[in-house]
Amino acid sequence: MPHNPTAWWRNAAIYQVYPRSFADGDGDGTGDLAGVRARLPYLAGLGVEALWFTPWYVSPLVDGGYDVADYRAIDPAFGTLAEAEKLIAEARQLGLRTIVDVVPNHISDEHPWFKAALAAPPGSPERELFHFRPGRGPGGEEPPNNWRGEFGGVPWTRTTNADGTPGDWYLHLFTPGQPDVNWAHPRVRQEHEDILRFWFDRGAAGVRIDSAALLAKDPDLPDFEVGKDPHPFVDRDELHDIYRSWRAIADEYDGVLIGELWLPDAERFARYLRNDELHTAFNFSLMSCPWDPALLRESIDTTLASHADVGAPATWVLCNHDITRTVTRYGRAGDTGFSFAGKRFGTPSDIALGTRRARAAALLTLALPGAVYLYQGEERGLPEADVPRDRITDPMHERSGGVDPGRDGCRVPLPWEGTEPPYGFGGADTWLPQPADWAPYTVEQQDADPASMLNLYRTALRLRRELLDAGPTGLTWLEAPAGVLAFTRSDGLVCAVNLAAEPVPLPAHTAVLLSSAPVESADEGGLLPPDTAVWLRN
Ligand code: NOJ
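Residues numbered from 1 in each chain as written. Predicted model: local features only at pLDDT ≥ 70, side-chain atom pairs only at ≥ 80, totals over all residues. Heavy atoms only, no water.

Thoughts on the overall build of the protein chain
- Helix and strand counts for the protein chain come out as 15 helices and 20 strands.
- Here the C-alpha atoms of the protein chain give a radius of gyration of 24 Å, agreeing with the 24 Å that 2.2 N^0.38 yields for 538 residues.
- Its C-alpha atoms give the protein chain principal-axis dimensions of roughly 85 × 50 × 45 Å.
- Contacts in the protein chain between residues far apart in sequence, at least 24 positions, make up 67% of those at least 6 positions apart.
- Accessible area for the protein chain stands at about 20300 Å²; split by element, carbon and sulfur atoms hold 52% of it.
- Across the protein chain, the 48 positively charged side chains and the 77 negatively charged ones have centroids separated by 2 Å. (Helix = DSSP H or I, 4+ residues; strand = E, 2+ residues; numbered from the N terminus. Rg over C-alpha atoms; globule rule 2.2 N^0.38 Å. Contact = heavy atoms within 4.5 Å. Areas by Shrake-Rupley, 256 points an atom, 1.4 Å probe, with all protein chains shown as cover. Lys, Arg positive; Asp, Glu negative; His and termini not counted. Charge placed at Lys NZ, Arg CZ, Asp CG, Glu CD.)

As structure tokens, this is what we get:
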């Protein structure tokens, strides 16, 4: 079925729930489905159209749940399958669709398939579901190839044979607890197609596909060579056939497929969004982009052009559970764009400046054509937390040799009310410690402040919905002073963002609809202060 031109997901605001840290219903310090159910009115009141849940399945949580031991059951720490079904139904009644996270590249080493493979001898059918290989060098002591893991380090772990001798190695692009499955095997394809049906049958409106560009491997698992095309495990052509079969299933349910694709080449990225493949994918280009007008404009133009080529809507993402939180990034003196390689302990950030820019960025992304993803806490301007080293759980930290702080700083349990931890999250023994100065980020405090980030998001999301009813298409850049991004849409909305150091005149308008900070002297034509965005009617 071709992409439906009026489908809900084309311009939805989608809220990412990280269940472990959203709200804790049973008081054990870990978020859960009961906590989410209790807060559904908050999410509906925010004005988003859908919720994306990061993995909630049974998992040893070696990689925050992206190590799935049973795709058809909820981890007992979060609740039960019956409760997930209730949550999906209750959310739908409040107008919120549910997107589940499917992790097809790898499974947990505690998944029955992998346990059976380890128990079976080399060359057995059980092992064909994975990538087992003998090592290189004398005695097979060297890994089978030169690949580097996605979290750093060697992505191979050696097994031990039943008789205690060293055995074959298995491939895991992430941690050893996440063996990669072999997508050339028909059983792997069948199993994942069944998993898609399982969740669509339970009311999921869409599926987010984890590490979507990594599934297919060169069957020879050759050494990686710089510049050699195709890459042995990234963005291989075989993937498109896999996603065409997924699309046929999604179409039966009118479900949406959303790819997590980290591909720098916009044209290669867009190939996944052709009519019979994925509906949409996360576009990480804006988030990786520094707070710089020329680079932001280039990112927006490239994104829109490459999506237009395939008739797919763009998506806009400023942060997620893998990324340094927006206000912290934008408050840095150096590079304000995100990169995995750039993360270091103790990088200073001016949170007031970062917050001002994040407010402006919120209005920018919410005005762009396409869908927007919000990550829990972003709507309150939550900064990255400094998690003490001895409390870090993210494997990225250890696998980087302790250099990378990992991603726990953006995964700390949310504050809801009160003035000290756990801020109404639930149990006091939160799985990651909450900072002592997070009272300003509670809903309680932000509700009471008309100028809070939360109220800015609520107003922007409401206006966005109302304006979308007029069916805006495309974007036209307006002439603007140096350092200013200004565009208009077909529905008459003008969005202007001032990234220059001085105030600039507002573009021509008949009314100011919303601004991320007060705009000056609107009566006299108006000035737009630095690091401020405004929505105008022309
Ligand atoms: C991407 C997910 O967003 C990230 O959290 C996870 O660690 C990797 N994929 C591996 O599943």
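Next, the rest of the story.
As for the site of the ligand
- Inspection of the region around the ligand gives 13 residues, with D63, H106, D210, H321 and D322 positioned closest.
- A distance of 3.1 Å separates an oxygen atom of the ligand from a polar atom in the side chain of R208.
- At a separation of 2.5 Å, an oxygen atom of the ligand approaches a polar side-chain atom of D322.
- For the ligand, the protein covers 97% of the area, taking 300 Å² as the surface of the free molecule.
- When grouped by side-chain class, the residues that make up the shell around the ligand number three nonpolar, three polar and seven charged. (Near = heavy atom within 4 Å. Polar contact = N/O pair within 3.5 Å; in protein donor to acceptor, adjacent residues only side chain to side chain. Nonpolar A, V, L, I, M, F, W, Y, C, P; charged D, E, K, R; others polar.)

Structural notes on the packing of aromatic side chains
- Throughout the structure, instances matching the rule amount to 29 aromatic pairs.
- On the basis of an interplanar angle of 75° and a centroid distance of 5.2 Å, the ring pair of F198 and W199 is categorised as edge-to-face. In terms of burial, F198 and W199 fall into one category: buried.
- Through a chain of ring-to-ring contacts, the aromatic side chains of W52, W262, F282, F284, F338, F340 and Y373 assemble into a single cluster.
- The ring of W416 carries the charged tip of R380 above its face, separated from the ring centre by 4.5 Å.
- Taking the ring centre of F345 as reference, the NZ or CZ of R389 above it sits at 3.8 Å. (Phe/Tyr/Trp six-rings, centres within 6.5 Å; stacked < 30°, edge-to-face > 60°. Buried < 20%, exposed > 50% of the residue type's maximum accessible area, 1.4 Å probe, protein only. Lys NZ or Arg CZ within 6 Å of the ring centre and 35° of its normal.)

Quick notes on the domain arrangement of the protein chain
- Looking at the assigned domains, one finds that the protein chain contains domain 1 (8-105 + 186-453), domain 2 (112-171) and domain 3 (474-537).
- Between the C-alpha centres of domain 1 and domain 3 there is a distance of 30 Å.
- Counting residues at the interface gives 19 residues for domain 1, matched by 21 residues for domain 3.
- Taking both sides of the interface into account, the surface hidden between domain 1 and domain 3 amounts to around 1700 Å²; carbon and sulfur atoms contribute 71%.
- Ranking the residues of domain 1 by area buried against domain 3 places R356, L363 and A367 at the top, with a combined share of 34%.
- At the surface where domain 1 touches domain 3, the tally comes to one salt bridge. (Domains from an automatic or database assignment. Buried area = accessible area lost by both parts, 1.4 Å probe. Salt bridge = Lys/Arg side-chain N within 4 Å of Asp/Glu carboxyl O.)

Some details on the sheet that holds strand β2 (residues 50-53)
- Read from one edge to the other, the open sheet built from eight strands follows the order β11-β10-β9-β5-β2-β1-β13-β12, with strand pairing classed as parallel. Of all strands in the sheet, those with a lone pairing partner are β11 (280-281) and β12 (315-317), marking the two edges.
- Pairing geometry for strand β9 (residues 206-209) and strand β10 (residues 256-259), over four bridges, is parallel. From the neighbouring strand, G206 faces β10, where its bridge partner is V256.
- In this fold helix α6 (residues 186-201) packs onto β5 (97-102) and β9, with an angle of close to 160° to the strand it touches most, β5. (Pairing = 2+ DSSP bridges. Axes fitted to C-alpha atoms, helices over the stretch in contact; angles between N-to-C directions.)

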